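Take a look at the letters that make up each chain.
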Amino acid sequence: MRFVSIRNSTEIFFQMTLIQIYDKEVTSEFKSFLDQIKPNVEAYAVAKGKAQFERMMIIGKIKEYQKLFPQRSAEHRTLANAMKSEGWSKDVISDNVSAYNFYHQEYDEGDWFNSRPQYLDQASVTHLAILGRDKTALLRSKVDEYFTKHGEIPSASALRGYQAGFFTDEFKPLSSLRTKPQIEEQTSQASAVDVEVVTEPSNTAEESLPPTQEQLVDQLITIVQAMNLDEIYGDQELKAKLEVVRDPLMTLAHIAIPSPPRPTYV
């Protein structure tokens, strides 16, 4: 049975959890099946993006109407209940309002027709929400530079990583850059000494050292900052995976809450 890699030919799945399949070596029969459903997945990806855009427009226009007529509380409750019945949480509504405000500002207000950012046509609702909350406009300029150079917008997780200080101006993880000098140093050391050929794997103390708790916490912070919580909230499969570690996550959340200062008695 022949195994083949199909990662390079399936970039259309980049927004879906099916990407995990394409990171693996699969049988030719399985590849043939995935090729069969590719048109359906492509159509789904397009429809999903359009649905998310239309949801943003609905939520944004509802918020505009509520702001325009603040005294119509009964109508506000009707609209709020309608959004709740659609399963739109407060966080989802907040993100979509930020995305809508940014989109509306960039397209409609002022003389933006010739100077509007070119990346807006590629930006997802998540992109728009992140950019809309960027008060300094520094992120917007970096995204614009990246798009001019590469012809595409960075991923939403890369934008979050840049805001958190874990990604460079080129939206690359700083951790990947820090490992390069170590690799180069190890390579130079290996070339400067005689290489000993062994028939059994070595088991030195240095090789078996586990990562420290500080290293693990740093990795956790990087991962959390890069996660799209809005997307995870709406994905039942991802939420089910998190249930396995629900108790440790709740414990970590409790630990992260600053302890109140103890009173000092004289």
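Residues numbered from 1 in each chain as written. Predicted model: local features only at pLDDT ≥ 70, side-chain atom pairs only at ≥ 80, totals over all residues. Heavy atoms only, no water.

Caption draft 1: Just the overall build of the chain, in detail. What the chain contains, in helices and strands, is 12 helices and 2 strands. Helices (α) and strands (β) of the chain occur, in sequence order from the N terminus, as β-α-β-α-α-α-α-α-α-α-α-α-α-α. Among the 266 residues that make up the chain, the fraction classed as buried is 26%. Long-range pairs, those at least 24 residues apart, make up 59% of the contacts in the chain with a sequence separation of at least 6. For the chain, the accessible area works out to roughly 19,600 Å², and carbon and sulfur atoms hold 56% of it. (Helix = DSSP H or I, 4+ residues; strand = E, 2+ residues; numbered from the N terminus. Buried < 20%, exposed > 50% of the residue type's maximum accessible area, 1.4 Å probe, protein only. Contact = heavy atoms within 4.5 Å. Areas by Shrake-Rupley, 256 points an atom, 1.4 Å probe, with all protein chains shown as cover.)

Caption draft 2: Broad picture of the environment of Ile93. Structurally, Ile93 can be placed in helix 4 (residues 90–108). Given the relative accessible area of 14%, Ile93 is considered buried. Ignoring any residue separated from it by four or fewer positions in sequence, one finds Ile93 in contact with Ile59, Lys63, Met83 and Trp88.

Caption draft 3: Geometry of the pattern of salt bridges. In this structure the tally under the stated criterion is 6 salt bridges. For Asp95, the salt bridge identified is with Arg133, shortest N-O distance 2.6 Å. Residue Asp95 is found in helix 4, and its partner Arg133 is found in the loop between helix 5 (125–132) and helix 6 (138–150); the two are separated by 38 residues along the sequence. Of the charged contacts, one joins Lys142 and Asp169 as a salt bridge, the two residues approaching to 3.4 Å between their closest N and O atoms. Here Lys142, found in helix 6, pairs with Asp169, found in the loop between helix 7 (156–164) and helix 8 (174–192); they are 27 residues apart in sequence, far enough to count as distant. Under the relative-accessibility criterion, Lys142 is labelled buried at 16%. (Salt bridge = Lys/Arg side-chain N within 4 Å of Asp/Glu carboxyl O.)

Caption draft 4: Broad picture of the packing of helix 5 against helix 6. The N-to-C vectors of helix 5 and helix 6 enclose an angle of 135 degrees; their axes lie 9 Å apart at closest approach. If you check the angle between helix 5 and helix 6, you find them oblique. For the pair helix 5 and helix 6, contact is made by Ile130, Leu131 and Gly132 and by Leu139, Arg140 and Val143, respectively. (Axes fitted to C-alpha atoms, helices over the stretch in contact; angles between N-to-C directions. Parallel < 35°, antiparallel > 145°, perpendicular 65-115°, else oblique.)

Caption draft 5: Molecular detail of unusual backbone geometry. One non-glycine residue, Phe171, lies in positive phi territory at about 60 degrees. Note on placement: Phe171 falls in the loop between helix 7 and helix 8. Judged by relative accessible area, Phe171 falls into the buried class, the value being 7%.

Caption draft 6: Here's a closer look at the packing of helix 6 against helix 7. Put simply, helix 6 and helix 7 touch, their axes get as near as 11 Å, and they point 130 degrees apart. In terms of axis orientation, helix 6 runs oblique to helix 7. Of the two elements, helix 6 crosses helix 7, and the hand of that crossing is right-handed. Seen from helix 6, the contacting residues are Leu138, Leu139, Lys142 and Val143; seen from helix 7, they are Leu159, Tyr162 and Gln163. Looking at side-chain class alone, the contact of helix 6 with helix 7 contains 5 nonpolar, 1 polar and 1 charged residues. (Left-handed = near helix turned anticlockwise from the far one by under 90°. Nonpolar A, V, L, I, M, F, W, Y, C, P; charged D, E, K, R; others polar.)

Caption draft 7: Region of interest: the packing of aromatic side chains. Applying the stated criterion across every chain yields a total of 5 aromatic pairs. Between Phe53 and Tyr103, the ring centres sit 5.3 Å apart and the planes meet at 80 degrees, which makes this aromatic pair edge-to-face. Placement of Phe53 in helix 2 (residues 28–68) and of Tyr103 in helix 4 is noted, with a sequence separation of 50 residues between them. Between the aromatic rings of Tyr162 and Phe171, the centroid separation amounts to 5.4 Å while the plane-to-plane angle is 50 degrees, which identifies the pairing as tilted. Through a chain of ring-to-ring contacts, the aromatic side chains of Tyr146, Tyr162 and Phe171 assemble into a single cluster. (Phe/Tyr/Trp six-rings, centres within 6.5 Å; stacked < 30°, edge-to-face > 60°.)

Caption draft 8: Examining a nonpolar patch on the surface more closely. A cluster of nonpolar side chains, contributed by Leu220, Val224, Leu242, Val244, Val245, Leu249, Leu252 and Ile255, occupies part of the molecular surface with about 680 Å² of accessible area. Of all the elements in the fold, those that place two or more residues in the nonpolar patch are helix 9 (213–226) and helix 12 (246–256). It is helix 12 that provides the largest number of residues to the nonpolar patch, a total of 3 residues. (Patch = residues over 30% accessible without salt bridge, like charges linked within 9 Å, V, L, I, M, F, W, Y side chains within 5 Å.)

Caption draft 9: Quick look at the nonpolar core. Ranked by internal contacts, the top residues of the largest apolar core, which has 25 residues, are Met56, Tyr119, Leu128, Leu139, Val143 and Phe171. When residues of this core are traced back to their parent elements, those giving at least two are helix 2, helix 4, helix 5, helix 6 and helix 7. By residue number, the principal contributor to this core is helix 5, which donates 5 residues. If we skip the residues at most four places from it in the chain, Met56 touches Asn96, Ala99, Tyr100, Tyr103, Val125 and Leu128. (Core = buried A, V, L, I, M, F, W, Y, C linked by side-chain atoms within 4.5 Å.)

Caption draft 10: The confidence of the model for the chain, seen in detail. The share of residues in the chain with pLDDT of 70 or more is 71%, and the mean pLDDT across the chain is 75. Helix 3 (residues 73–85) holds the highest mean pLDDT among the elements of the chain, 93, whereas strand 1 (residues 3–5) holds the lowest, 41. Segment residues 1–16 is flagged for pLDDT under 50; beyond a separation of four residues in sequence, or across chains, it makes 35 contacts in the model. Low pLDDT, under 50, characterises residues 187–208; the stretch is placed with 3 contacts to residues that sit more than four places away or in other chains. (pLDDT = per-residue confidence, 0-100.)

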